[in-house]
Amino acid sequence: AQSVTQLDSQVPVFEEAPVELRCNYSSSVSVYLFWYVQYPNQGLQLLLKYLSGSTLVESINGFEAEFNKSQTSFHLRKPSVHISDTAEYFCAVREGGYNKLIFGAGTRLAVHP
Amino acid sequence: SAVISQKPSRDICQRGTSLTIQCQVDSQVTMMFWYRQQPGQSLTLIATANQGSEATYESGFVIDKFPISRPNLTFSTLTVSNMSPEDSSIYLCSVEIAGASTDTQYFGPGTRLTVL
């Protein structure tokens, strides 16, 4: 069965520092992988997704994630964070042929000045 | 993507009552989903709602507690029945948009429910 593990519940970081939010999944079949962001008191927004092709995917606001099949990981990175990146980040997986998204527990990124 | 709206955005309800949450999309979509996000937790799928058929519920969720309607391709409702404080959560609808290689889910802003 699918499962998603986000290893860090909270990640505090100073502004302009790099950050990595970790995500591991378990699945025996091909998967599609997603990162969603939830800003305070708002709904979820799609940040980026891996469907096929290049294992490195990027978002418009400087985040990137790399699909590593051998390590079953899809870690999210940003080289320099801003205060406005403070939010909850959710990793999600979907097995090919199914509609259901399985979410990780979320990682709260807190960017401090 | 799609523009998704939910009503109400938040509500405070008394135990034993019911609340119906509406989800409206600005384009026709085949699949709509309802999720629950309990305080401080991740999202859990309640059910999948396809137009013209009964909703499909996930383990732990039943139609009597969470009846769903899907009258057309742009609208759905979720009712939280006979509420208790344990139902206090954010309820989110999502829609699936067909893409080049796979479908992607986009989420509404959520309905924050507090049950006293």
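Preceding this paragraph is the structure being described.
**Some points on the overall build of chain B**
Helix and strand counts for chain B come out as 0 helices and 11 strands. Taken from N to C terminus, the helices and strands of chain B fall in the order β-β-β-β-β-β-β-β-β-β-β. Here the C-alpha radius of gyration of chain B, 14 Å, is about what a compact globule of 116 residues would show, namely 13 Å. In terms of its C-alpha atoms, chain B occupies a principal-axis envelope of roughly 45 × 25 × 25 Å. The proportion of buried residues among the 116 residues of chain B is 51%. Residue pairs in contact within chain B that sit at least 24 positions apart in sequence constitute 53% of those at least 6 positions apart. Charged side chains of chain B number 7 positive and 9 negative; the gap between the two group centres comes to 10 Å.

**Some thoughts on the environment of A:Ile102**
Residues and elements named next belong to chain A. Relative to the elements of secondary structure, Ile102 occurs in strand β11 (residues 102-103). Residue classification places Ile102 among the buried residues on the basis of a relative accessible area of 19%. The sequence separation of Ile102 and Phe14 amounts to 88 residues, and the corresponding C-alpha distance is 30 Å. What Ile102 contacts, discounting residues up to four positions off in sequence, is Gln2, Ser3, Val4, Cys91, Ala92 and Val93.

**So, the side chain of A:Ser59**
Residue and element names in this part refer to chain A. Relative to the assigned elements, Ser59 resides in the loop between β7 (56-58) and β8 (64-68). Judged by its relative accessible area of 13%, Ser59 is buried. A polar contact of 2.5 Å, which involves the side chain of Ser59, links it to the side chain of Asn61. Each residue touching Ser59, except ones within four places of it in the same chain, is listed here: Leu47 and Leu48.

**Some remarks on the nonpolar core**
Within the largest apolar cluster, 29 residues are counted, with the highest numbers of intra-cluster contacts made by A:Leu33, A:Trp35, A:Leu47, A:Leu48, A:Phe74, A:Leu76 and A:Tyr89. Going through the elements one at a time, β2 (10-14), β3 (19-21), β5 (31-38), β6 (44-50), β8, β9 (73-78), β10 (87-95) and β12 (107-112) of chain A are the ones with two or more residues in this core. Counting residues in each nonpolar core, the second largest holds 28 residues, with B:Val80, B:Tyr91, B:Cys93 and B:Tyr106 among its members.

The rules behind the values
- Residues numbered from 1 in each chain as written.
- Chains lettered and ligands numbered in written order.
- Predicted model: local features only at pLDDT ≥ 70, side-chain atom pairs only at ≥ 80, totals over all residues.
- Heavy atoms only, no water.
- Helix = DSSP H or I, 4+ residues; strand = E, 2+ residues; numbered from the N terminus.
- Rg over C-alpha atoms; globule rule 2.2 N^0.38 Å.
- Buried < 20%, exposed > 50% of the residue type's maximum accessible area, 1.4 Å probe, protein only.
- Contact = heavy atoms within 4.5 Å.
- Lys, Arg positive; Asp, Glu negative; His and termini not counted.
- Charge placed at Lys NZ, Arg CZ, Asp CG, Glu CD.
- Polar contact = N/O pair within 3.5 Å; in protein donor to acceptor, adjacent residues only side chain to side chain.
- Core = buried A, V, L, I, M, F, W, Y, C linked by side-chain atoms within 4.5 Å.

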